[in-house]
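Read off the chains here:
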Amino acid sequence: MKNRNIRYLTREGIKNIGINRLMSVASIAVLMSCLVIIGFALLLFFNVDSLLRHIEDQNVVMAFCEVGADDGVVELTESLIGELDNIESCEYISKQEAYDAVVSSLGDDADLLKNASSDFLPDGFRIIIDDMSRFSETVAAINAIQSIDSVQQNSDLAEKFQEMRTAVTYISIGIIIVLFIVSMFIIANTIRITMFSRKLEISIMKAVGATNWFIRWPFLIEGVFLGLISAVLSFFVLALLYNLSGGAFASIFEILGNTIVNFWEYALPIFGGFVLISVFTGSVGSLISMRKYLKEQGSVELDDHH
């Protein structure tokens, strides 16, 4: 099509939104609802993932050298642990630090150790693992270090955290896919109703030799603009609702020693996702609906040469 025709048909597509304002408002409202729910599903995933990471950081592995190991062995052990590829951090805990911690934990009974020294305790390392899905593998690698005498860890808890993260991921993806399909269905039906209302006009255009794309373009633009309007409105509605509801959940997260994620840290990817989803559903929904309608009218060749 020529540029002149494209500009004309684009204006017609935008004009259709105003002409069919009732259906346009209904489509925007439904699509907004879908996008806002998708946004909350994403924010739920981000919050749960943040909380799980925080809890995982508390699920440390303690590795101990043999009692009486000299400074050279301790330094070598720390170096070997640091060379492992799934270690986020490794903090050296000297036997004196461990002794002071034990004395502090005994409180009024600390006198029981007044005649003891720290020599009966081993040097140790407080290790935080990076990828919890490789927890068992990493613990085995730590155990394999010859100078390590024992390792304290909770593999069952680590596996539960990984299962929770996987479940939340699948649930979030499932919600997004279902609402994505619903959004496309809504747009397609809106465009279809618009086409039925303009059935005579479309028939006349076909009779005077208009190509299929000449007819499709205004409806395609209408679908895209409905999607864009929905994306922008949904973004601001989501921001408002999340900030209003955030306070109710903040206290729960604080009890667990964490905070809810800041909406504006994820604003750009959320807005970009809204635009992509809405433009895709709007354009594809329009094309599917238009093609089906034209075929029903017997005006589209199977090969679609135009």
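Data block above holds the structure.
None of these values were measured; they are calculated from a predicted model. (Residues numbered from 1 in each chain as written. Predicted model: local features only at pLDDT ≥ 70, side-chain atom pairs only at ≥ 80, totals over all residues. Heavy atoms only, no water.)

Looking at the overall build of the protein
Short version of the rule: Numbering of helices and strands starts at the N terminus; helices are DSSP runs of H or I of at least 4 residues and strands are runs of E of at least 2. A 1.4 Å probe rolled over the protein chains alone gives each residue an accessible area, and that area as a share of the maximum for its type sets the label: buried under 20%, exposed over 50%, partly exposed in between. Any two residues whose heavy atoms approach within 4.5 Å at even a single point are treated as in contact. All accessibility values rest on the Shrake-Rupley procedure with a 1.4 Å probe; residue burial counts only the protein chains present in the view.
Counting its secondary structure elements, the protein contains 9 helices and 4 strands. Start at the N end of the protein and walk to the C end: the helices and strands fall as α-α-β-α-β-α-β-α-β-α-α-α-α. Scored against the burial criterion, the 306 residues of the protein give a buried share of 40%. Long-range pairs, those at least 24 residues apart, make up 84% of the contacts in the protein with a sequence separation of at least 6. Carbon and sulfur atoms make up 62% of the accessible area of the protein, which totals about 16,900 Å².

Points about the layout of surface pockets
Let me state the cut-off plainly: Cavities and pockets are found on a 1 Å grid laid over the protein atoms alone: a cavity is a set of points where a 1.4 Å probe fits but cannot escape, a pocket is an open set with protein on both sides within 12 Å along at least five of seven lines, and a lining residue has an atom within 4 Å of such a point. Grid points are joined across faces, edges and corners, and a volume is the space filled by probe spheres set on the points. The residue classification treats Ala, Val, Leu, Ile, Met, Phe, Trp, Tyr, Cys and Pro as nonpolar and Asp, Glu, Lys and Arg as charged. All others, Gly included, are polar.
Here the second largest pocket is characterised by a volume of approximately 160 Å³. For the second largest pocket, the full set of lining residues is Ile-38, Leu-42, Phe-46, Ile-176, Phe-180, Pro-269, Ile-270, Gly-273, Phe-274 and Ile-277. For the lining of the second largest pocket, the leading source of residues is helix H9 (residues 267–296), giving 5 residues. In terms of residue class, the lining of the second largest pocket is made up of 9 nonpolar, 1 polar and no charged.

A look at the packing of aromatic side chains
Under the convention used in this document: Only Phe, Tyr and Trp rings are paired, with Trp represented by its six-membered ring, and only when their centres lie within 6.5 Å; those with planes under 30 degrees apart are stacked, over 60 edge-to-face, the remainder tilted.
Taken as a whole and assessed by the stated rule, the structure comprises 9 aromatic pairs. When the ring of Phe-46 is compared with that of Tyr-266, the centres are 4.2 Å apart and the planes differ by 15°; the resulting orientation is stacked. Of this pair, Phe-46 sits in helix H2 (residues 21–58) while Tyr-266 sits in the loop between helix H8 (212–255) and H9, and the two are 220 residues apart along the sequence. Summarising the aromatic geometry, the rings of Phe-235 and Trp-264 are spaced 6.0 Å apart at their centres and angled 70° between planes, so their arrangement reads as edge-to-face. Highlighted residues: Phe-235 in helix H8 and Trp-264 in the loop between H8 and H9, separated in sequence by 29 residues. Looking at Phe-235, the relative accessible area reads 7%, which means it is buried.

Details of a nonpolar patch on the surface
Just so we agree on the cut-off: Within the patch definition used here, like charges are joined within 9 Å and nonpolar side chains (Val, Leu, Ile, Met, Phe, Trp, Tyr) within 5 Å, considering only residues with over 30% relative accessible area and no salt bridge. Whenever a carboxyl oxygen of Asp or Glu lies within 4 Å of a side-chain nitrogen of Lys or Arg, that contact is scored as a salt bridge.
The grouping of Phe-40, Val-237, Leu-240, Leu-241 and Leu-244 at the surface amounts to a nonpolar patch, some 430 Å² of accessible area in total. Within the secondary structure, Val-237 sits in helix H8. Judged by relative accessible area, which is 30%, Val-237 ranks as partly exposed.

Considering the side chain of Thr-138
Here Thr-138 is to be found in helix H5 (residues 135–143). Contacts of Thr-138, omitting those with residues within four sequence positions, involve Asn-86, Ile-87 and Ile-129.

Some points on the nonpolar core
Here is the rule we go by: Each nonpolar core is a collection of buried residues, namely Ala, Val, Leu, Ile, Met, Phe, Trp, Tyr and Cys, held together in the definition by side-chain atoms within 4.5 Å.
Counting 19 residues, the largest nonpolar core has Leu-43, Phe-235, Leu-238, Phe-263, Ile-270 and Phe-274 as its most contacted members. Mapped onto this core, the elements with two or more residues apiece are H2, H8 and H9. It is H2 that contributes the most residues to this core, 7 residues altogether. Setting aside residues up to four positions removed in sequence, Ile-270 forms contacts with Leu-43, Phe-235, Leu-238 and Phe-263. Val-139, Ile-142, Ile-148 and Val-151 belong to the second-largest nonpolar core, a separate cluster that totals 17 residues.

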